[in-house]
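Structural characterization, general
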Amino acid sequence: MSGLNGRYACGVCGWVNNWAEGHTVLPRAEDDTDAPST
């Protein structure tokens, strides 16, 4: 299990906690610097 900012996920079973349980606001898609440009 691994996590970041209060959000956790299990790579083995696929479990993830609810996005609202995190400590920070989720970033917008426009904030993703690795996203391919269209």
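Residues numbered from 1 in each chain as written. Predicted model: local features only at pLDDT ≥ 70, side-chain atom pairs only at ≥ 80, totals over all residues. Heavy atoms only, no water.

- Going by an unreviewed UniProt entry, the chain carries the name Rubredoxin and comes from Streptomyces fradiae ATCC 10745 = DSM 40063.

What to know about the overall build of the chain
- Per the secondary structure count, the chain includes zero helices and two strands.
- Carbon and sulfur atoms make up 57% of the accessible area of the chain, which totals about 3500 Å². (Helix = DSSP H or I, 4+ residues; strand = E, 2+ residues; numbered from the N terminus. Areas by Shrake-Rupley, 256 points an atom, 1.4 Å probe, with all protein chains shown as cover.)

Focus: the pattern of salt bridges
- Scanning the model with the defined rule gives two salt bridges in all.
- Taking the shortest distance from any N to any O, the salt bridge between Arg28 and Glu30 comes out at 3.9 Å.
- Of the residues examined, Arg28 reaches a relative accessible area of 53% and is grouped as exposed. (Salt bridge = Lys/Arg side-chain N within 4 Å of Asp/Glu carboxyl O. Buried < 20%, exposed > 50% of the residue type's maximum accessible area, 1.4 Å probe, protein only.)

Points about the environment of Asn5
- Summarising the element assignment, Asn5 is placed in the loop between β1 (2-4) and β2 (7-9).
- Each C-alpha atom, one on Asn5 and one on His23, is 5.4 Å from the other, the two residues being 18 residues apart in sequence.
- Not counting residues within four places of it along the chain, the set of residues in contact with Asn5 comprises Gly22, His23 and Thr24. (Contact = heavy atoms within 4.5 Å.)

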